[in-house]
Amino acid sequence: MSDVPASRPSSAARLSLSHITAQHETNLLGTVHGGVIMTLVDSVAGVVAARHSGGPAVTASMDEMVFLVPVRVGDVVHFTAQVNWTGRSSMEIGVRITADRWDSVGPQVHVATAYLVFVAVDADGQPRQVPQVEPENDEDRRRMREAEIRRSHRLARRKAIIDSREGAA
Ligand SMILES: CC(C)(COP(=O)(O)OP(=O)(O)OC[C@H]1O[C@@H](n2cnc3c(N)ncnc32)[C@H](O)[C@@H]1OP(=O)(O)O)[C@@H](O)C(=O)NCCC(=O)NCCS
């Protein structure tokens, strides 16, 4: 595992991946299966998390993901991902998914946006400290602010469910 610095700029681990969708990736309606897109989202976010943290990182959670438009066979799907926020061992990775239609030259369509939490782990699978992400511009600062809101909602929801189960027991 590489030496891990105290902080890293958000651009350091940013990643873009483009994928041409194929016939074998369809659902029963003939459009691209949502799970194909979600697998690529998880893979791209995983690479960003590993690069940012300088070692292995596992998916801890993925927020609700809303598909705004269908992806068609042959469309070129683009995944752009970066670290939005860092805690002690966890990182929120944001992934924006857009598509170029295979049969027209036009503006890219926004397919979905996903937010995933990855936890950096050591050789024993235990959480390890990650470099703090340094926002570099106003967009990065906005992403960090919004990631903090999502984190507080995730923690509050988790606590509320645990409290509710303990109350019911
Ligand atoms: C993710 C994992 C390492 C966390 O282990 P843990 O013992 O719960 O660790 P901790 O309670 O010390 O939490 C570690 C960090 O993870 C975060 N975390 C844990 N569960 C989380 C969840 N469900 N959502 C968001 N963040 C979570 C904590 O907030 C903490 O963040 P911080 O260090 O930045 O403050 C562990 O649950 C795990 O290995 N899960 C399986 C991951 C996996 O295999 N993914 C692939 C699926 S096939």
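Let us look at the structure shown here. Since the model is a prediction, treat every value here as computed from it, not as a measurement.

A look at the overall build of the protein chain
- When helices and strands are tallied, the protein chain shows 2 helices and 7 strands.
- With respect to the principal axes defined by its C-alpha atoms, the protein chain has extents near 50 × 45 × 35 Å.
- Counting across all 169 residues of the protein chain, residues that qualify as buried make up 26%.
- Of the contacts formed within the protein chain by residues at least 6 apart in sequence, a portion of 74% connects residues at least 24 apart.

Here's the deal with the nonpolar core
- One finds Val41, Ala45, Val48, Ile93, Val95 and Phe118 to be the most contacted residues of the largest nonpolar core, which totals 31 residues.
- Sorting the residues of this core by element identifies α1 (34-53), β4 (76-86), β5 (90-100) and β6 (109-120) as the ones contributing at least two each.
- The element contributing the most residues to this core is β6, with 8 residues.
- When neighbours within four sequence positions are excluded, Ile93 is seen to be in contact with Ala45, Val48, Ala49, Ala81, Val83, Asn84, Leu116 and Phe118.

Brief notes about the pairing of β4
- Within β4, 8 of the 11 residues are buried, which leaves it mostly tucked inside the rest of the structure.
- Sheet topology note: the strand β2 (residues 15-20)/β4 ladder contains 6 bridges and is antiparallel. The residue of β4 that forms the bridge with Ile20 is Val76.
- Of the strand pairs in this sheet, β4 and β5 are connected by 10 bridges, and their pairing is antiparallel. Bridging from a neighbouring strand, Trp85 pairs with Glu92 of β5.
- Counting the residues in the hairpin turn of β4 and β5 gives 3 residues.

Examining the site of the ligand
- Around the ligand, a shell composed of 14 residues is seen, among which Ser61, Gly87, Arg88, Ser89 and Ser90 lie nearest.
- Elements that contribute at least two residues to the shell around the ligand include exactly β3 (57-62) and β6.
- The element that contributes the greatest number of residues to the shell around the ligand is β3, accounting for 4 residues.

Points about helix α2 (residues 138-168)
- If you check α2, its first and last C-alpha atoms are 45 Å apart, about what 31 residues at 1.5 Å a residue would give, namely 45 Å.
- Little of α2 is tucked away: 2 of the 31 residues are buried.

What to know about the environment of Val105
- Tracing the backbone through its elements, the reader meets Val105 in the loop between β5 and β6.
- By C-beta crowding, Val105 is classed as exposed, having 6 other C-beta atoms within 10 Å.

Observations regarding the sheet that holds β4
- The 5 strands are arranged β2-β4-β5-β6-β3 in an open sheet whose pairing can be described as antiparallel. The open sheet has two edge strands with one neighbour each: β2 and β3. Averaged over all pairs of adjacent strands, the angle between their axes in this sheet comes to 30°, without regard to strand direction.
- Strand contacts of α1: β2, β3, β4, β5 and β6, with the helix running at about 135° to β5, the strand carrying the most contacts.
- Along the sheet, α2 contacts β3, β4, β5 and β6; its crossing angle with β4, the most-contacted strand, is approximately 75°.

The rules we used
Residues numbered from 1 in each chain as written. Predicted model: local features only at pLDDT ≥ 70, side-chain atom pairs only at ≥ 80, totals over all residues. Helix = DSSP H or I, 4+ residues; strand = E, 2+ residues; numbered from the N terminus. Buried ≥ 20, exposed ≤ 12 C-beta atoms within 10 Å, placed from the backbone. Contact = placed C-beta atoms within 7 Å. Core = buried A, V, L, I, M, F, W, Y, C linked by C-beta atoms within 7 Å. Pairing = 2+ DSSP bridges. Near = placed C-beta within 6 Å. Expected span 1.5 Å × (residues − 1). Axes fitted to C-alpha atoms, helices over the stretch in contact; angles between N-to-C directions.

These values are about where atoms sit, not about what they do.
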